[in-house]
Amino acid sequence: MNPIAIPRRRLWLVLATALSLPLSGCLDELGHEHDEQGEHVDANDEDAATDEPPMRAVTTWSRELELFMEFPAPTAGTPGKYITHLTLLKDFSPVMSGPLRYRFERDDGHVEEHVAETIARDGIFLPEIRVEKPGHYQLDLILGTDDEALTVDAGHVTVTAPGKTITADDHGHDHGDGGHGAHGGDIAFLKEQQWRMDFAVRPAFRDYISERLSVPARVEPRPGQNAQATAPASGRLAAPQDGTWKRPGDRVEAGDVLARVLPLSGAEDVSQLDLDLTQARERVSLARTERDRVQGLFDDGVVAEKRLDQAQSEYRIAQQALERARTRLGQIEGERDQANAAVTLRAPISGVITASPRAAGEVVAANEAVFSLLDDSQVWLKAMAYPGDMTRIKRPGNVLARQAGGQWQSLPGAELAYIGTRTEENGTVPVVFDIPNPDGRLVPGTAWSAAFSTGTGQMAVVVPKSAILDDDGIEVVIVQHGGEEFERRQVKTGIRSGDRVAITAGLRPGEHVVTEGAYTVLLASRGEQEIGHGHAH
């Protein structure tokens, strides 16, 4: 946010020259060279140029807004036009409505406020502002009202007393942090042009960047998360009470009814299961009684320890038989339908049906598989690295994945499961990641591409890949010095990781680079395409 004193006529001469525009006729359209009544001022009128105060420019950013503002060096009691451009950083579009409040706060707490209720045209406010008292002010611009208001810091402004000459100290007081430096840029590209195209600017920042490897991959089931839903008894299959037969791809929760089994002999099969369970219970009761009797005899010294061991063994066997009888009758939590003696088949786990080899109406034997299920809430992504890459892989992480023709997707919660130690049949070495898959978007058996950091990297200035241009074999970026001032800057690049590139020389953290529309800005400096006319303030 470093305002610069720029004579108004010189500014537009520079812009017109940079854009390869004829000066005659253009200034009239721009509107900067008009007097207060709107009458045209001749571009060669030296007296008019002498009367104009020097213009200052401020460029600064908040989280939501970019401010580019031009205004005359302010003198107390004298109105001046504050040519204000506001851009929404979420999509780099012009602000389309006001109000916009200009809040001047002096060091001693004195405050003066001025409001521009509406925009003059898309993205541009043109208020005439008069600050009544001289002094050093902090200027903040507040867009909108109430809780939705957005504020941008325009830095310090020195308002001089009438007839006072601006001193070096006063002039320096107008320079804030975050604006363009005194050197400016050699490419002029107007806000109106930026707003009419896909355009974006991002600050470069210092960060750790690791080399990223991209390889083929495959989604696989996690071991131990498959299950079979088997028939609890022999009989004829029937759909659940709701009449819906589950199919591959259907999702179920543990305990959901998948099917019913109707015994072929009516209630006799179920009655036999009941009888087996009753007999097992009686056997356990008798074995327990016998064990307790022998225990008493052993304590009295009547029988040998071997007889006690035998009684305890018979009791344990009886308990196991009881458990088997219970399992057969209530296998997979099957419940008898008292109306038709059917046994229900329930899902043993939550997940997706992967196979249904049987259909309603078929006869099945006890323990025969009716459905196959997979718990896919957690899956494995098996990246297939080439043996020659294994020496580069130290601590793989930050994994991304995409399918053919799709976009790279982040995989939150992904953790390294294991790295293979030998080459598989396809000539690759597996690097396997354990991936949470709550929404089921990673379907086991599908082919993907995986990209992951190798674990070897460096701290560097980082920019998006889209900011790097190949200019006749030279890597360059377009640096923004001010709202409409840009510079072609040669850089040296280092590690590339996905959509990020390390800059090893030529760029400092905090400098703003063009990430969308950079090539168009570069062409604007060469006159290789027709760039629209300038401001229409």
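Residues numbered from 1 in each chain as written. Predicted model: local features only at pLDDT ≥ 70, side-chain atom pairs only at ≥ 80, totals over all residues. Heavy atoms only, no water.

Caption draft 1: Up close: the overall build of the chain. Counting its regular elements, the chain contains eight helices and 36 strands. Among the 537 residues that make up the chain, the fraction classed as buried is 45%. (Helix = DSSP H or I, 4+ residues; strand = E, 2+ residues; numbered from the N terminus. Buried < 20%, exposed > 50% of the residue type's maximum accessible area, 1.4 Å probe, protein only.)

Caption draft 2: Quick peek at the packing of aromatic side chains. Applying the stated criterion across every chain, the model contains 11 aromatic pairs. With 6.4 Å between their ring centres and 80° between their planes, F92 and F199 make a pair best called edge-to-face. Of this pair, F92 sits in the loop between β5 (83–88) and β6 (93–94) while F199 sits in the loop between α5 (191–195) and β14 (200–203), placing them 107 residues apart in sequence. On the basis of an interplanar angle of 80° and a centroid distance of 6.4 Å, the ring pair of F189 and F486 is categorised as edge-to-face. Remark: F486 occurs in strand β33 (residues 485–490) and F189 occurs in the loop between β13 (187–188) and α5; sequence separation between them is 297 residues. Here the two residues F189 and F486 agree in accessibility, since each one is buried. Through pairs of rings, three or more aromatic residues link up here, namely F71, Y82, Y102, F104 and Y137. (Phe/Tyr/Trp six-rings, centres within 6.5 Å; stacked < 30°, edge-to-face > 60°.)

Caption draft 3: Inspection of the side chain of S372 at higher detail. With respect to the helices and strands, S372 occurs in strand β24 (residues 369–374). A relative accessible area of 14% means that S372 is categorised as buried. Within the local environment of S372, its side chain forms a polar contact with the side chain of Q228, the two groups lying 3.1 Å apart. Residue contacts for S372: discarding those within four places in its chain leaves A227, Q228, V352, I353, T354 and A355. (Polar contact = N/O pair within 3.5 Å; in protein donor to acceptor, adjacent residues only side chain to side chain. Contact = heavy atoms within 4.5 Å.)

Caption draft 4: Focus on the pattern of salt bridges. Applying the stated criterion across every chain yields a total of 24 salt bridges. Here D207 makes a salt bridge to R500, at a shortest N to O gap of 2.9 Å. In this pair, D207 is assigned in strand β15 (residues 205–221) and R500 in strand β35 (residues 500–505), connecting sequence segments 293 residues apart. Through salt bridges with shared partners, a single network forms among R101, R103, E105 and E113. (Salt bridge = Lys/Arg side-chain N within 4 Å of Asp/Glu carboxyl O.)

Caption draft 5: Layout of the sheet that holds strand β18 (residues 251–252). Taken together, four strands build an open sheet; the order of strands is β16-β24-β22-β18 and the sheet is antiparallel. Strands with a single pairing partner mark the edges of an open sheet, and in this sheet they are β16 (226–230) and β18. Where β18 meets strand β22 (residues 351–355), two bridges bridge the pair, whose relative direction is antiparallel. Paired with R251 across the bridge in β22 is V352. (Pairing = 2+ DSSP bridges.)

Caption draft 6: How the structure looks around the sheet that holds strand β11 (residues 135–143). Within the open sheet, the four strands sit side by side as β8-β7-β11-β12. Their pairing is antiparallel. Of all strands in the sheet, those with a lone pairing partner are β8 (111–116) and β12 (150–159), marking the two edges. Each strand of the sheet is rotated relative to its neighbour by a mean of 20°, with strand direction disregarded. (Axes fitted to C-alpha atoms, helices over the stretch in contact; angles between N-to-C directions.)

Caption draft 7: Region of the structure containing the confidence of the model for the chain. Averaged over every residue, the pLDDT of the chain is 81; the share at 70 or more is 80%. Ignoring residues within four places in sequence, the model shows residues 332–339, a span with pLDDT below 50, making 22 contacts including any to other chains. Between residues 528–536, whose pLDDT stays under 50, and residues either more than four places distant or in other chains, the model counts 32 contacts. (pLDDT = per-residue confidence, 0-100.)

Caption draft 8: How the structure looks around the pairing of strand β36 (residues 512–516). By the criterion of burial, β36 is predominantly enclosed, with four of the five residues buried. For strand β32 (residues 474–482) and β36, the ladder comprises two bridges, and the chain directions are antiparallel. By the bridge assignment for β36, V479 is matched with V513.

Caption draft 9: Spotlight on the nonpolar core. Counting 26 residues, the largest nonpolar core has M69, L86, Y102, F104, F125, L139 and L141 as its most contacted members. Secondary structure elements with two or more residues in this core: β3 (65–72), β5, β7 (100–106), β11 and β12. (Core = buried A, V, L, I, M, F, W, Y, C linked by side-chain atoms within 4.5 Å.)

Caption draft 10: Representation of the side chain of R489. Along the polypeptide, R489 turns up in strand β33. In terms of polar contacts, R489 uses its side chain to reach the side chain of E487, at 3.1 Å. Those residues within four positions of R489 in sequence are excluded, and the remaining contacts are E475, V476, V477, V479, H481, G506, L507 and E511.

Caption draft 11: Just unusual backbone geometry, in detail. Geometrically, the link from G98 to P99 is a cis peptide bond, its omega value of 0° lying close to zero. Structurally, the position occupied by P99 is in the loop between β6 and β7. The phi dihedral of N367 is positive, around 70°, even though this residue is not glycine. Inspection of the secondary structure puts N367 in the loop between β23 (363–364) and β24. Unlike most non-glycine residues, D472 shows phi in positive territory, near 55°.

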